[in-house]
Amino acid sequence: MDQEALLVGKAADQHPEKRNVLTISCILGIVSYTYTASQALEKLAYYGLVPNMILYLTAEYGMGTTEAANILFLWSAATNFFPLIGAFIADSYTGRFPLIGFGSSTSLLGMLLLWLATMIQPECDKSIHVCQPTTPFQLLLLYSFFTLTSIGAGGVRSSCLAFAADQLQLNHTSRISTSALETLFNWYYFSVMLAYFLSESLLVFVQTKYGWQIGFGVSLAAMTISVALFFAASPYYVKFKCEPGLVSGLVQVLVAAFRNRHVDLSSEEHVVSYHQETGSSFSTPSQKLRYLNKACATSNPKQDLTVTRNSRSPRKLCTVQQVEDLKSLVNLLPIWSTGIILSLVTACQASFIVLQAKAMDRRTFIKSFEIPPGCYGVFMIISFVLFLVIYDLVVVPLVSWAQRKPFRLGVMVRMGAGIAISVLCILTLAIVEYARRKRAREEGGTVLSAMWLLPYMLLGGISEALISIAQNEFFYSELPKSMSSVATTLFGLNMAAASLVSSWIVTAVDAATCGSWITKDINEGHLDYYYWLLTALSLLNVAYFVWCSKAYGKCKSDADN
């Protein structure tokens, strides 16, 4: 019964005829409220720590701008890389529910340590920007927070979206329709963005107004409630058992292909048949990445296979299914890589934008009220959410009614549009920074309104909305069901790669320009030159995406439309 859903609940056991009704009720009631609320609170807790973290490190620990930015880039990279490891563990060994529970608990511990660190942080004289040297114990608490929250993210983010998709299925083999999948992703991201909105506004305001101890304490409280809600609803979730051997199976294909590297696939002497698993949908391997076909080719089935048609040596002969699983992962890597520069443009510049906003006029029409510099990311979230709502509730129904048939933009179209808009996004930021610096140096004060950051925020939100959902849908549809957790973490892996690339670029720029571009006082530096560099990379990324999409061809989700 490995492929049956494990529905825990007395009512379902006593009344099998009501199983479907209870499942739907479980989806709408338990999952929609409890699970989504749990995940939203987890995102609220984590994202509430991110915007002001560069201010916390520079103001309270006396770090330089480059040093603090690099630490945050590495934290972001680890936070977005560990989910890939967690996905392989979830799909192969533990299942999704236990890993989410482990990750949530680990993140809670990390946030507790950060909260404790605020009580013993080094004393600073803010008037002259001098801090007492940090003690080893203070740094231990700080870096333990970064480490534990990164590991915790590996458990939560690796499986949360795939686990949500599981709730739409009665069994492991049932297929979710493309429209249902897109709607799920849309509204899941809507709840995430709502949490992000609250963290960027409410939590950042609390940190700015009432201090780090209270501000970080709110994140700790939100995370505590998230963990409690998640475990409280445990008996009602749809849970699937994992399929062991996913990672080893992929490695076996590489080993078998290498060991059979001398096999000539065009010669009938070397290949009599391909080893296929009973019940598999693949009888022969595809012609893409043909070298890997050597892993499942056999010239002597009687010698290579047992009586039950299993391979005598899995490291020398794999199944066609294993080969195709690895091919599906390798085939989409070029498309995946196009999201790295976009993530670098829309997500990895948050720390620098906080510094920009701090140096601009943040006054509003409300007398004596200034928007905290860490709150400007709220506008990107608003843009993201509004675009999703308008697209899903207005554009799609309206065009479907006009065409008299269901309408959905293909995933390739949405990804391409998102990448193209990202060029305009970073271009506006470069222009605004050029104007801000010029006025600040010529007029000797903060004269440019921070509202000039809005074009970047609005375009960035639309770009993120288009590509994040499209890429997640693309990965989930193109990879086999056994790799669904891996599929839903690949987009996060973009952020990990983008954070590393950002760190490398910042370090290289700092070294090449002798620190003249990125400085502690951004009026003395040339942050606009850095943004122009990112604009050039974004233009190259558009051309790269066009080439990758043509090489990939038609994808499964587009074929369903």
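Here the structure is a predicted model, which means the values were calculated and not measured. (Residues numbered from 1 in each chain as written. Predicted model: local features only at pLDDT ≥ 70, side-chain atom pairs only at ≥ 80, totals over all residues. Heavy atoms only, no water.)

Trainee: Kindly report on the overall build of the protein, identifying the contributing residues and their values.
Mentor: Looking only at helices and strands, the protein features 20 helices and six strands. Within the protein, residue pairs in contact and separated by at least 24 positions form 83% of the contacts whose partners lie at least 6 positions apart. About 25,000 Å² of surface is accessible on the protein, with carbon and sulfur atoms providing 65% of the total. (Helix = DSSP H or I, 4+ residues; strand = E, 2+ residues; numbered from the N terminus. Contact = heavy atoms within 4.5 Å. Areas by Shrake-Rupley, 256 points an atom, 1.4 Å probe, with all protein chains shown as cover.)

Trainee: Lay out the confidence of the model for the protein in plain terms, naming residues and giving numbers.
Mentor: A low pLDDT means the predicted coordinates there should not be read in detail. Residue-level pLDDT values for the protein average 77, and 79% of them are 70 or greater. With pLDDT under 50 throughout, residues 1-29 is counted as low confidence; its partners more than four residues away or in other chains account for 35 contacts. (pLDDT = per-residue confidence, 0-100.)

Trainee: Describe the pattern of salt bridges, listing the residues and the values that go with them.
Mentor: Tallied over the full model, the rule gives four salt bridges. For Glu 42, the salt bridge is made with Lys 43, and the minimal N-O distance between the two is 3.0 Å. Overall, Lys 43 belongs to the buried group, its relative accessible area being 5%. The closest approach of N and O atoms between Lys 327 and Glu 324, which form a salt bridge, is 3.5 Å. Taken together, the residues span about one helical turn, with Lys 327 and Glu 324 both in helix H12 (residues 320-331) at a distance of three residues. Summarising the burial analysis for this pair, Lys 327 and Glu 324 share the class buried. (Salt bridge = Lys/Arg side-chain N within 4 Å of Asp/Glu carboxyl O. Buried < 20%, exposed > 50% of the residue type's maximum accessible area, 1.4 Å probe, protein only.)

Trainee: Quick one: what's the story with helix H17 (residues 454-478), residue by residue and with numbers?
Mentor: Helix length check: H17, at 25 residues, gives a terminal C-alpha distance of 36 Å against a target of 36 Å (1.5 Å per residue), a fit within 8%. Within H17, 19 of the 25 residues are buried, which leaves it mostly tucked inside the rest of the structure. (Expected span 1.5 Å × (residues − 1).)

Trainee: Tell me about the packing of helix H3 (residues 53-60) against helix H6 (residues 136-156), and name the residues and values.
Mentor: In helix packing, the relevant descriptors are the interaxial angle and the interaxial distance, both defined with respect to the helix axes. The geometry of H3 relative to H6 is characterised by a closest axis approach of 14 Å and an angle of 165 degrees between their N-to-C directions. Accordingly, the angle class assigned to the pair H3 and H6 is roughly antiparallel. Our pair here, H3 against H6, has a crossing hand that is left-handed. Here Met 53, Tyr 56 and Leu 57 of H3 lie close against H6, whose contacting residues are Leu 142, Phe 145 and Phe 146. (Axes fitted to C-alpha atoms, helices over the stretch in contact; angles between N-to-C directions. Parallel < 35°, antiparallel > 145°, perpendicular 65-115°, else oblique. Left-handed = near helix turned anticlockwise from the far one by under 90°.)

Trainee: If you had to explain a nonpolar patch on the surface to someone new, which residues and values would you point to?
Mentor: Residues Trp 187, Ile 382, Leu 386, Ile 390, Leu 393, Val 394, Val 395, Leu 398 and Trp 401 make up a contiguous nonpolar surface patch of about 860 Å² in total accessible area. Structurally, Ile 382 can be placed in helix H15 (residues 377-403). (Patch = residues over 30% accessible without salt bridge, like charges linked within 9 Å, V, L, I, M, F, W, Y side chains within 5 Å.)

Trainee: Any chance you could break down the packing of aromatic side chains for me, citing the residues and the numbers?
Mentor: In total, this model carries 22 aromatic pairs according to the counting rule given. Note on Tyr 376 and Phe 379: the rings are 6.0 Å apart at their centroids and 45 degrees apart in plane angle, and the pair reads as tilted. Above the plane of the ring of Trp 401 lies Arg 404, whose end atom (NZ or CZ) is 5.1 Å from the centre. (Phe/Tyr/Trp six-rings, centres within 6.5 Å; stacked < 30°, edge-to-face > 60°. Lys NZ or Arg CZ within 6 Å of the ring centre and 35° of its normal.)

Trainee: Give me the nonpolar core: which residues, what numbers.
Mentor: The biggest cluster of nonpolar side chains holds 125 residues, and the ones touching the most others in it are Met 53, Tyr 56, Leu 57, Phe 352, Phe 474 and Tyr 531. Take this core: its biggest share by element is 11 residues, from helix H18 (residues 484-512). In terms of nonpolar packing, the next biggest core, distinct from the first, is built from six residues, Ile 100, Phe 163, Phe 230 and Ala 233 among them. (Core = buried A, V, L, I, M, F, W, Y, C linked by side-chain atoms within 4.5 Å.)

Trainee: Kindly report on unusual backbone geometry, identifying the contributing residues and their values.
Mentor: Its identity as a non-glycine residue notwithstanding, Arg 404 has a phi of 60 degrees, on the positive side. Tracing the backbone shows Arg 404 in the loop between H15 and helix H16 (411-443).

Trainee: Quick one: what's the story with the packing of helix H4 (residues 65-94) against helix H5 (residues 96-119), residue by residue and with numbers?
Mentor: It is at 8 Å that the axes of H4 and H5 come closest, and there the two elements cross at 135 degrees. Classed by the angle they form, the pair H4 and H5 counts as oblique. Of the residues in H5, those in contact with Gly 86, Ile 89, Ala 90, Asp 91 and Thr 94 of H4 are Arg 96, Pro 98 and Leu 99. Looking at the contact of H4 with H5 residue by residue, the classes come out as four nonpolar, two polar and two charged. (Nonpolar A, V, L, I, M, F, W, Y, C, P; charged D, E, K, R; others polar.)

Trainee: Quick rundown of the environment of Trp 212? Include the residues and the values.
Mentor: Within the secondary structure layout, Trp 212 lies in helix H9 (residues 212-232). Accessibility expressed as a relative area gives 14% for Trp 212, which makes it buried. Spatially, the C-alpha atoms of Trp 212 and Leu 49 are 9.8 Å apart, while their sequence positions differ by 163 residues.

Trainee: So, helix H13 (residues 333-346): which residues are in play, and what are the values?
Mentor: In this model H13 runs 21 Å from its N-terminal to its C-terminal C-alpha over 14 residues, within 8% of the 20 Å that 1.5 Å per residue would give. Most of H13 is tucked away, with 12 of its 14 residues classed as buried. Of all the positions in H13, only Ile 335, Trp 336, Ser 337, Thr 338, Gly 339, Ile 340, Ile 341, Leu 342, Ser 343, Leu 344, Val 345 and Thr 346 are classed as buried.

Trainee: Provide a residue-level description of the environment of Trp 547, including the pertinent values.
Mentor: Looking at the element boundaries, Trp 547 is found in helix H19 (residues 527-552). Measuring from C-alpha to C-alpha, the distance between Trp 547 and Pro 334 comes to 9.5 Å, with 213 residues separating the pair along the chain.

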